[in-house]
Structure formats: structure tokens, C-alpha cells
Amino acid sequence: MPAPRCLAAFLSYETAKSVVVKSWVVGAVNRAVQLLILAYFVGWVFLHEKAYQVRDTAIESSVVTKVKGIGRYAGRVLDTADYVTPPQGTAVFVVVTKQILTEQQAQGLCPESEAAFRCRADRDCRGKGPATGSGELTGRCVPYNGSARACEIRGWCPPEVDTVDAPVMLEAENFTVFIKNSIRFPLFGFEKANLPPPGSGAGLARCRFHPERQPLCPILRLGDVARLAGQDFPALAATGGVLGIKIGWVCDLDRAWERCLPRYSFTRLDGLARAPAPGYNFRHARYYRWPDGTERRTLTKAFGIRFDVLVYGTGTVLCDIILLNFLKGAEHYKARKFEEVPEAGVPAPPASPTACPPSVLGGCGRDKQSTDSGTFSLSL
């Protein structure tokens, strides 16, 4: 009957059979393939990619910056409180290199300074929208300068004229920034800073970063940062821009603590100068009271170089066999890595897993094992 035969086929058990072929050609090809696989794992996976190591990319970092330098601008001597913003010394800061000032502004009515709002009659000021970059349009055309006329606005007067030429503080090229960076790889509890350890005798105050002569000095000249980022400092100071100071911590934590060192690199982050709205600038105002009690302000359009300190890193240590058995704190790591769950109804393993009862499969003496693949050939 077909049904019993199908049931018997379904309940049958199949096992792999190992055949040992005693052939020099086949054996040589087999060993060559094994050698290639071994070379791939040893050469590429282990030595090049270091797959035997555990990686921690969740780097924790703090950055503190301090800029130093004295410059001269528009007949005044400026220090860091005048040209650095924000003043907290964070990982992102701006060094102002050019300013356009509009002083003694007060709330009132005045002609708009932008060329797009020149007019001949009131009708030219209608249909342009409710506001300009400086205030709200009133709909009237009023005298502006000489015979020229412009649309009237209500807002801070006189409006800003940002097309004037302004000097650039080129002394900023010799200003320096001190970067204090501390990092931690939380998986391994590893901490390090970019400063020399106390008592090392390193001349921190006198060093200046150089990619070859002093690659570990945390004091960087701003002109060198721009040059290493492929930028011309005078041109960058005139239009403004954003530079990135990247600190990389790629450390093999199997090596000595002193061998984990930062690497500095530099790039421009705000794209090409020919991009729309090139450069970097922002506006801020200082308010005060006039003797007659009116509120006035000085509006500043500031051009500057923004510096972003970016920290990244990867920490690696030897594979879990070392972590779980030999390193300090192995029990703590093992408790985090494994969870033991008891299972009811599972019989205990035999006392001697290698024992072979003589009643099973005709006894141990008749079993044969291949020395190549680890499979068994059973004599039934």
C-alpha cells in the first residue's frame, strides 16, 4: 500500500557518509583550497580587518577651547572678548574677522536702503509685499539720497547698508586656539586626554601644532588650520566660512595606554565659495538708552570663521575569549554578556560523554573516524 511506504520514508533517518579518496591529485587540490581559505582568514580577516577584536564606537567626549590673540580693527585694539563668540569656550566657536556697524538706530520711519526698493511714485511701493529686510513698508515713496527716492519703511532707522567695504582683521591668522579633549570608551572603561600627563616635562605652553614635527600639540595657529584645510586665510576672513578640526581616536587597546594617541585633520565644512550664499556671517545688536529716554541700538553684521571641533573614535580589544577569562573584571563582563535560564524537564548529561556502551551499534571498536573532516564512518 502506498500510505505505509510514504510513512516509512517520512520517518526514516539519513546521515552523511564520509569517503576517503586516496589520490595525490585530489588531495593536493583539497589542501590547496584549505590553504587559500586559511590564508584569507589569517591575512585579511584577522590581520587586516582585525575581526578577532571587539570594537567600541560609542565614544564619549568633551571639548573645551580657548582662543588667544590681540588684534587691531577700525582704530581699536581687540581682545578675545571682542571677537570670539560664544564666550563659553565650547566645541563650536567663531572668530570675527570683519564687521559692518550701523550705529544709533532708533524706531521710526525712513527710506529703505536696498536698491530693489528704489521708486519714483507711491504706486511703485505697492504690491512688493508687506516687509523688507529692514522693516515694514508703508506704501509711500520718499526722498532717499539727493534726487534718488526709495520706499519708506517702519522699523529701526537708519537701515543697514551692508554693501560698503569693511577692513579685515588679518592679525587673526596668528591667533591660537587651545583644545582640551577628553574621551572615554565606556565598554572597556578606557579614558584618555589629548594633553601630556602631569610630570611628563612636555613644554605645552611653548608648542605649536605641526603635522610632522609636533603632531600631538593641542595648541593650533588659526592660519595653519586654514592652510591645512586647503584654504587661503585672507580670502576666508573676508567672506567668512566654517572649518572643521577633526580629532580621531582609533586605538588598539591591547597595546600600552600611551600608544592610544589622537590624530588631527582639517577640512572646510560649508562647501565651495561658488555655492549659493557663500561664506559665514551673522547679525547681533547692543541696546542702550539715549539721554532723551529713547531706546537705541548698534547693529553689527559680523563676518567670521566658525570652527567646529569634531571628535570620533574606535576602541578595540582582543576577542571575547580574553575578555571572559583573563582580563581584570572578567566576571563582570561575563555577567553582562550571558544570561543563564534554567529549563525544566531536561535530563542531566551522561557522566562520561565519551563512553560507548558495547550494545550500541555493535561496539566502539568497529567505528572509524576520518582524520580530515571529523565525520564518522559507522560499521553496522
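The structure under discussion appears in the preceding block.
Description of the structure in this document. Computed from a predicted structure; not experimentally measured. Positions within a chain are numbered from 1, following the residues in the order the chain's sequence is written. Where totals are concerned, whole chains, interfaces and linings use all residues; where local detail is concerned, this predicted model gives features only for residues with pLDDT of at least 70, and gives and counts side-chain atom pairs only at 80 or more. Here the side-chain values reflect all heavy atoms present in the structure, with hydrogen atoms and water set aside.

**Here's the deal with the overall build of the protein chain**
- Secondary structure summary: the protein chain contains 7 helices and 17 strands in total.
- When the accessible area of the protein chain is evaluated, it comes to approximately 25100 Å², of which 57% is carbon and sulfur surface. The secondary structure listing takes helices from DSSP runs of H or I that are at least 4 residues long and strands from runs of E that are at least 2 residues long, numbered from the N terminus. What sets the accessible areas is the Shrake-Rupley method with a 1.4 Å probe; for residues, cover comes only from the shown protein chains.

**Describing the pattern of salt bridges**
- Put simply, a salt bridge is a Lys or Arg side-chain nitrogen that is within 4 Å of an Asp or Glu carboxyl oxygen. For the structure on display, the rule yields 11 salt bridges.
- For Glu 60, the salt bridge identified is with Arg 184, shortest N-O distance 3.3 Å. Of the two residues, Glu 60 sits in strand β2 (residues 60-68) while Arg 184 sits in strand β9 (residues 176-185), which places them 124 residues apart along the sequence.
- A network of salt bridges, in which partner residues are shared, links Glu 160, Asp 162, Arg 283 and Lys 301.

**Here's the deal with unusual backbone geometry**
- The omega torsion across Thr 85 and Pro 86 is -10°, close enough to zero to call that bond cis.
- Structurally, the position occupied by Pro 86 is in the loop between β5 (84-85) and β6 (92-111).
- Backbone torsion omega between Cys 157 and Pro 158 reads -5°, so that peptide bond is classified as cis.
- Looking at where Pro 158 falls in the secondary structure, it is placed in the loop between β8 (148-157) and β9.
- Of note, Ala 74 is a non-glycine position whose phi angle comes to about 55°, a positive value.
- Within the secondary structure, Ala 74 is located in the loop between β3 (71-73) and β4 (76-78).
- Positive phi, normally seen in glycine, also occurs at Gln 104, with a value near 55°.
- Note on placement: Gln 104 falls in strand β6.

**So, the packing of aromatic side chains**
- Ring pairs shown here join Phe, Tyr and Trp side chains whose ring centres sit within 6.5 Å, with only the six-membered ring taken for Trp; geometry is labelled stacked below 30 degrees between planes, edge-to-face above 60, and tilted in between. Within this structure, the stated rule accounts for 8 aromatic pairs.
- Here Tyr 83 and Phe 175 contribute two aromatic rings whose centre-to-centre distance is 4.7 Å and whose plane-to-plane angle is 20°, an arrangement assigned as stacked. With a gap of 92 residues between them, Tyr 83 in helix α3 (residues 80-83) and Phe 175 in the loop between β8 and β9 connect regions that are remote in the sequence. Taken individually, Tyr 83 and Phe 175 each receive the classification buried, so the pair is uniform in this respect.
- Three or more aromatic residues link up through ring pairs in this structure, and these residues are Phe 209, Tyr 264 and Phe 266.
- It is Lys 192 that lies over the ring of Trp 257; its NZ or CZ is 4.4 Å from the centre.
- Working rule: Lys NZ or Arg CZ, within 6 Å of ring centre, within 35 degrees of ring normal, means a charge sits over the ring. Lying over the aromatic face of Trp 290, Arg 296 brings its terminal NZ or CZ to 4.4 Å of the ring centre. Relative accessible area decides the class of each residue, using a 1.4 Å probe on protein chains only: under 20% of the type maximum gives buried, over 50% gives exposed, and in between gives partly exposed.

**Some remarks on the environment of Leu 109**
- Relative to the assigned elements, Leu 109 resides in strand β6.
- Residue classification places Leu 109 among the partly exposed residues on the basis of a relative accessible area of 46%.
- Once the C-alpha coordinates of Leu 109 and Glu 152 are considered, the two residues, 43 residues apart in sequence, prove to be 6.8 Å apart.

**A short note on the side chain of His 210**
- Secondary-structure assignment places His 210 in the loop between β10 (190-193) and β11 (219-221).
- For this analysis, a polar contact is any N or O atom pair within 3.5 Å, provided that within protein one partner can donate a hydrogen and the other can accept it, and provided that sequence-adjacent residues contribute only side-chain to side-chain pairs. At 3.1 Å, the side chain of His 210 and the backbone nitrogen of Arg 213 are in polar contact.

**Digging into the state of the cysteines**
- Our working definition of a disulfide is a cysteine sulfur pair at a distance within 2.5 Å. Enumeration over the complete set of coordinates arrives at 5 disulfides.
- Disulfide pairing is shown between Cys 110 and Cys 157; the S-S distance is 2.1 Å. Taking the torsion about the S-S bond as the criterion, the Cys 110 to Cys 157 disulfide, at about -80°, is left-handed. Highlighted residues: Cys 110 in strand β6 and Cys 157 in strand β8, separated in sequence by 47 residues.
- What makes Cys 157 buried here is its relative accessible area of 12%.

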